[in-house]
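Here are the chains, one letter per residue:
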Amino acid sequence: MSSPLPAARRPRLSKPVWLGSPKVLRTEVLAGLVVGLALIPEAISFSVIAGVDPKVGLYAACTMAMVIAFAGGRPAMISAATGAVALVVAPVVRQHGLDYLIATVVLAGVFQIVLGALGVAKLMRFVPRSVMVGFVNALGILLFTAQIPNLRDVPWPVYPLVVGGLALMLLLPRLTKAVPAPLVAIVILTAITVAAGIAVPTVGDKGKLPSSLPVPGLPDVPYTWHTLTVIAPYAFATALVGIMESMMTAKLVDDLTDTPSDKTREAVGQGIANIVTGVFGGMGGCGMIGQTMINVKSGARTRLSTFLAGFFLLVLCIVLGPVVSTIPMAALVAVMVLVSVGTFDWHSVRPATLRRMPVGETAVMVITVIVVVATGNLSIGVVIGSVTAMVIFARRVARMADVTAVTDPDGTQVVYAVTGELFFASSNDLVQRFDYANDPDDVVIDLSATHIWDASSVAALDAIETKYARRGKRVSIMGLNEPSTVMRERVAGTR
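In this text the structure is predicted, and so the values were computed from the model without any measurement.

How each quantity is defined
Residues numbered from 1 in each chain as written. Predicted model: local features only at pLDDT ≥ 70, side-chain atom pairs only at ≥ 80, totals over all residues. Heavy atoms only, no water. Pairing = 2+ DSSP bridges. Helix = DSSP H or I, 4+ residues; strand = E, 2+ residues; numbered from the N terminus. Axes fitted to C-alpha atoms, helices over the stretch in contact; angles between N-to-C directions. Contact = heavy atoms within 4.5 Å. Expected span 1.5 Å × (residues − 1). Buried < 20%, exposed > 50% of the residue type's maximum accessible area, 1.4 Å probe, protein only. Core = buried A, V, L, I, M, F, W, Y, C linked by side-chain atoms within 4.5 Å. Left-handed = near helix turned anticlockwise from the far one by under 90°. Nonpolar A, V, L, I, M, F, W, Y, C, P; charged D, E, K, R; others polar. Polar contact = N/O pair within 3.5 Å; in protein donor to acceptor, adjacent residues only side chain to side chain. Phe/Tyr/Trp six-rings, centres within 6.5 Å; stacked < 30°, edge-to-face > 60°. Patch = residues over 30% accessible without salt bridge, like charges linked within 9 Å, V, L, I, M, F, W, Y side chains within 5 Å. Areas by Shrake-Rupley, 256 points an atom, 1.4 Å probe, with all protein chains shown as cover. Salt bridge = Lys/Arg side-chain N within 4 Å of Asp/Glu carboxyl O. Parallel < 35°, antiparallel > 145°, perpendicular 65-115°, else oblique. Disulfide = S-S within 2.5 Å. Right-handed = clockwise from strand over helix to strand, strands pointing away.

Asker: Would you mind going over the sheet that holds strand 4 (residues 413-422) in detail, with residue names and values included?
Answerer: Taken in spatial order, the four strands of this open sheet run 3-4-5-6, and their pairing is mixed. In this open sheet, the two strands that pair with only one neighbour each are strand 3 (402-407) and strand 6 (474-478). Direction aside, neighbouring strands of the sheet carry axes that sit 20° apart on average. In this structure, strand 4 lies alongside strand 5 (residues 442-452), joined through nine bridges in parallel fashion. Bridge pairing in strand 5 links Glu421 to His451. Along the sheet face, helix 18 (residues 455-470) touches strand 4, strand 5 and strand 6 and points at about 175° away from the line of strand 5.

Asker: Mind laying out helix 15 (residues 359-375), listing which residues take part and the relevant values?
Answerer: Along its 17 residues, helix 15 runs 24 Å from first to last C-alpha, staying within 8% of the 24 Å computed at 1.5 Å per residue. Along helix 15, the residues classified as buried are Gly360, Thr362, Val364, Met365, Thr368, Val369, Val371 and Val372. In this structure, the buried residues of helix 15 make contact with helix 5 (129-145), helix 14 (351-356) and helix 16 (378-400).

Asker: How would you summarise the nonpolar core if you had to cite specific residues and measurements?
Answerer: With 87 residues, the main nonpolar core has Ile40, Leu58, Met283, Ile294 and Leu313 as its most contacted residues. No other element matches helix 1 (residues 22-50), which puts eleven residues into this core. Among residues more than four places away in sequence, those in contact with Leu313 are Gly36, Leu39, Ile40, Leu58, Ala61, Cys62 and Leu308. Membership of the second largest hydrophobic core comes to 19 residues, among which are Ala460, Leu461, Ile464 and Val475.

Asker: Tell me about the packing of helix 6 (residues 158-175) against helix 7 (residues 181-196), residues and numbers included.
Answerer: Orientation of helix 6 relative to helix 7, taken along the N-to-C sense of each, is 145°, at an axis distance of 9 Å. The way helix 6 lies across helix 7 gives a crossing that is right-handed. Along its contact with helix 6, which presents Leu161, Gly165, Leu168, Met169, Leu172 and Pro173, the element helix 7 presents Ala181, Pro182, Val184, Ala185, Ile188, Leu189 and Thr193. Split into classes, the residues belonging to the contact of helix 6 with helix 7 amount to eleven nonpolar, two polar and no charged.

Asker: Could you give an account of the side chain of Thr302, naming the residues involved and the relevant values?
Answerer: Topologically, Thr302 is positioned in the loop between helix 10 (289-297) and helix 11 (303-318). Judged by relative accessible area, Thr302 falls into the buried class, the value being 10%. A polar contact of 3.2 Å, which involves the side chain of Thr302, links it to the backbone nitrogen of Leu304.

Asker: Pulling in residues and values, what's your account of the side chain of Thr193?
Answerer: You can see Thr193 is positioned in helix 7. Setting aside chain neighbours within four positions, we find Thr193 in contact with Leu161, Ile198, Val200, Thr326 and Pro328.

Asker: Describe the packing of aromatic side chains, and please don't skip the residues or the numbers.
Answerer: Enumeration according to the criterion identifies ten aromatic pairs in this entry. Ring geometry for Phe311 versus Phe312: centroids 6.1 Å apart, planes at 55°, classification tilted. Relative accessible area serves as the criterion here: at 37%, Phe311 is assigned to the partly exposed category. Relative accessible area serves as the criterion here: at 18%, Phe312 is assigned to the buried category. Ring geometry for Tyr436 versus Tyr468: centroids 4.8 Å apart, planes at 55°, classification tilted. With Tyr436 in the loop between helix 17 (424-430) and strand 5 and Tyr468 in helix 18, this pair connects stretches of sequence that are 32 residues apart.

Asker: Explain a nonpolar patch on the surface residue by residue, including any values.
Answerer: Together, Val110, Val114 and Leu118 make up an exposed nonpolar region whose accessible area comes to about 270 Å². With respect to the helices and strands, Leu118 occurs in the loop between helix 4 (98-117) and helix 5.

Asker: Break down the packing of helix 5 against helix 8 (residues 225-257) for me, citing the residues and quoting the values.
Answerer: Between helix 5 and helix 8, the shortest axis-to-axis distance is 11 Å and the interhelical angle comes to 100°. Relative to helix 8, the element helix 5 is oriented roughly perpendicular. Residues Met132, Phe135 and Val136 of helix 5 pack against Met248, Lys251, Leu252 and Asp255 of helix 8. Grouping the constituent residues of the contact of helix 5 with helix 8 by class yields five nonpolar, no polar and two charged.

Asker: Tell me about the state of the cysteines, and please be specific about residues and values.
Answerer: Inspection of the entire model under this criterion finds zero disulfides. This cysteine, Cys286, is not joined by any disulfide, and Cys62 carries the nearest cysteine sulfur, 16 Å off. Take Cys286: its relative accessible area is 0%, and that puts it in the buried class. The thiol sulfur of Cys317 is not disulfide-bonded, and the nearest other cysteine sulfur, from Cys62, lies at 5.6 Å. Looking at Cys317, the relative accessible area reads 2%, which means it is buried.

Asker: Any chance you could break down the pairing of strand 4 for me, citing the residues and the numbers?
Answerer: Examined bridge by bridge, strand 3 and strand 4 share six bridges and lie antiparallel to one another. Note on strand 4: the bridge partner recorded for Val406 is Val415. Between strand 3 and the antiparallel strand that follows it, strand 4, lie five residues; Gly411 among them carries a positive phi value of about 75°. After leaving strand 4, the chain enters helix 17 and then returns to the sheet as strand 5, a path that is right-handed.

From the geometry alone we can't say anything about function, so treat these as descriptive.
Spelled out as structure tokens, the structure:
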């Protein structure tokens, strides 16, 4: 029997960074508490959008956050009930009821696990930076506009409370950063309104908080093919929206913290979290960029803050429900307004930046912002922005392709030098760049300064050879690099 390894050679299990640092632990705990408070009105609002009881959204926020803390691939990222998911599943609730919603959420989780395992998350590398900037700016606008209903037709004390909350959060960090400024603002404004008896809208006005723990169970739906055909389209849409928003949120946190994340694990983790959420009667969700920004801006960097956000939310709702219900909405509005201002990339809209940036890049950013704000759906904006960026890029690269003709002095041969990249956008015009009628009998096409990328380019070269052959002229193609040669032979069926 082999002897155990010496102590010095035994592999050490890495422990969470917050276990060895009281300062980090305090930051993670307080950030989780702030996010837990901020999740309450958001989850209730999204429940209203989906057409379900507020506790359905709150249960989703609790379970999503606690599960994704272990299953996700991006530390410090918050997942909970979101507006995008609520919009997708709302028709299911209206037409078929809550149990069909729960079944949809569970199936969406299964789809996300499959899509994650297939590597769909890796497609995020094709999202251009201009789309990311547009995504961030649109998010800042949406976060700000989402607070406007809380400032409309309200008692006048709401406005000085919001201003006071903003002032506290801006000034307190200059004195100390030991406690998150948003938490201090929430506590102080709550104490003022309660002590002075100021009548303003509170969290309790948004809906009744749950008073008991969620109970696991399966949805009461017929387990038939018909049920699957009803929920599958909504489940697949929910899966795609959830993955896309989660990946965009994870990428944003990657940039803010200069740390990488496992996008495939995050996609699979979202699926696991949605399955658990559905089993516990939640409405499903995904990465929540607003609350993630609060968490990261509060200094959180580990999974602990994510778990505690869900845990504190559960405790706040069940144990401290009456206290939480007294928090004035003005305090949470102030927090979200400051987050929205901090989220917006102000550098991207400076006149000096706009003058330096290519027009196409700026156009992609603006289109992304307009689509997201108009639809209220971040995923639609990202898709349309990415497609626009690809079209602009294809047009730009296609213009770089050029054809130059050099005829021998004796007029017996012409050499066409092709430069640039040959793909569907550039090769379509390639056929028109040759003088088939007037060229001599010997035609050479030099492709040493180009590259063939697709079947459209091979077809264009074949069309050129065919046009010359009809006139009895010989065509010699030379200079192809090895990958282009392989592409041409494969498409032609000679390889």
